[in-house]
Amino acid sequence: LVHDLFINKIKTSERNMAKIENHKYSIEEAFRECFYIIPDYQREYVWTDKEVNQLLEDINEQIDAGSTREYFIGTVLVSPTEQKNQYNVIDGQQRLTTFFLLLCALKNIFQGEPQRQALSGLISTSYTDSGGETQVSLKLEPRYENASDVMNKLVEIDGDPMTVRSGVMASGITSFGSLENLINAYATIYRYLKDNYDDVSKLKKYWGYLANNVVFIQISTDVSSALKIFETINERGVGLNSMDLLKNLLFTQVSPDQFSKLKDEWKKITSPLEKGKEKPLRFLRYFL
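About the cut-offs
Along each chain, the written sequence defines residue order, and numbers are assigned to residues from 1. Residue-level local features of this predicted model are given only where pLDDT is at least 70; pairs of side-chain atoms are given and counted only at 80 or more, and the full residue set underlies all totals for whole chains, interfaces and linings. Computation of side-chain values covers all heavy atoms of the structure but excludes hydrogens and water. What makes a salt bridge here is a side-chain nitrogen of Lys or Arg within 4 Å of a carboxyl oxygen of Asp or Glu, nothing more. Starting at the N terminus, helices and strands are each numbered in turn, a helix being any DSSP run of H or I of at least four residues and a strand any DSSP run of E of at least two. For the exposure calls, accessible area comes from a 1.4 Å probe over protein chains only, and a residue counts as buried if that area is under 20% of its type's maximum, exposed if over 50%, partly exposed in between. For this quantity, the arc is that covered by the directions from the helix axis to the C-beta atoms. Between two residues, a contact is recorded if the distance between any of their heavy atoms is within 4.5 Å. Whenever two N or O atoms come within 3.5 Å, that pair is a polar contact, provided that in protein one can donate a hydrogen and the other can accept it, and provided that, for residues adjacent in sequence, both atoms are side-chain atoms. When DSSP finds two or more bridges between a pair of strands, those strands are recorded as paired. Axis lines are fitted through C-alpha atoms, for helices just across the contact stretch, and the angle between N-to-C directions can take any value from 0 to 180 degrees.

**Re the pattern of salt bridges**
Counting across every chain of the model gives eight salt bridges. In this structure, Lys-204 and Glu-113 form a salt bridge, with 3.8 Å as the shortest nitrogen-oxygen distance. Residue Lys-204 is found in helix α9 (residues 200–213), and its partner Glu-113 is found in the loop between α4 (93–109) and α5 (115–123); the two are separated by 91 residues along the sequence. Residue class for Glu-113 comes out partly exposed when judged on its relative accessible area of 23%. In this structure, Lys-202 engages Asp-198 in a salt bridge whose closest nitrogen and oxygen atoms are separated by 3.5 Å. According to the relative accessible area criterion, Asp-198 is exposed, its value standing at 56%.

Encoded structure:
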């Protein structure tokens, strides 16, 4: 009901908006059927141990309680690309990226088990592009900074956190800020699974619940309308910080062919702040 009211409110308030489609996905269905692209103009991965652990604990509580109900993790806002079943993620990348890292950790821990093959298909797979060529792609590809390189290396190594970190460093990929957050999140997830699901039977139960019972609503529309919905959501209190909202406002004011140029200008401001470990929002307060 809440979901239906939310969708109706958006449709009513945005008369000129393109068609909005929504679909309920389980985690397994989403990563089996969809390819997710995190555009380079989008907010980067900012979750820390606190947010990652909270998500893991929330799922764990459902399993410990013996619940067979669906666990709803909210909405994910996407815009379809020219490729079938490929979507640009407008809102929800923190959760989707965390679940993707969770799939990677589960695959590695399920050594010698048939679950590895199923998980492998949810992490990367092949598809046919518009030119008829077969492409192999990760099911979630972040395109900001060197995030794609970090994620591809993490999937390629398929190891424990120490091995992954060493492999990324040895590859020469520059990692800081959100890229370091990706590696840290993988380590947090890996340790959590090892600490709480120390035998195969427990791990299978966990995977069964995660695959089938953890669900979200995916809202899909064109990129211009999706950015407007994103703004509406955050006005309603599912808030990002002022820096994120300012970034979104800027992108709603330009055409898609200007996204790359605006992204570069934005990074000229934020990259020095990240490298200097200065919080962009604090900078914004003084700047204004």
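**Things to note about helix α7 (residues 161–171)**
Among all positions in α7, only Pro-161, Val-164, Gly-167 and Val-168 are buried. Burial along α7 is one-sided: seen end-on, the buried residues are contained in an arc of 130 degrees. Residues of α7 that are exposed and point over 90 degrees away from its buried face: Met-162, Met-169 and Ala-170. Against the buried residues of α7 lie α6 (147–157) and α8 (178–196). With a side-chain oxygen lying 3.0 Å from the backbone nitrogen of Met-162, the N-terminal cap of α7 falls on Asp-160. Gly-172 lies just past α7 and shows a positive phi near 85 degrees.

**Structural notes on the sheet that holds strand β1 (residues 21–26)**
In a beta sheet, neighbouring strands are held together by backbone hydrogen bonds and run either parallel or antiparallel to one another. Read from one edge to the other, the open sheet built from six strands follows the order β1-β8-β3-β4-β2-β7, with strand pairing classed as mixed. Here the strands that pair on one side only, and so sit at the sheet edges, are β1 and β7 (140–142). Each adjacent strand pair in this sheet contributes to an overall mean axis angle of 35 degrees, direction not counted. Here four bridges tie strand β3 (residues 71–80) to strand β4 (residues 86–91), and the two strands are oriented antiparallel to one another.

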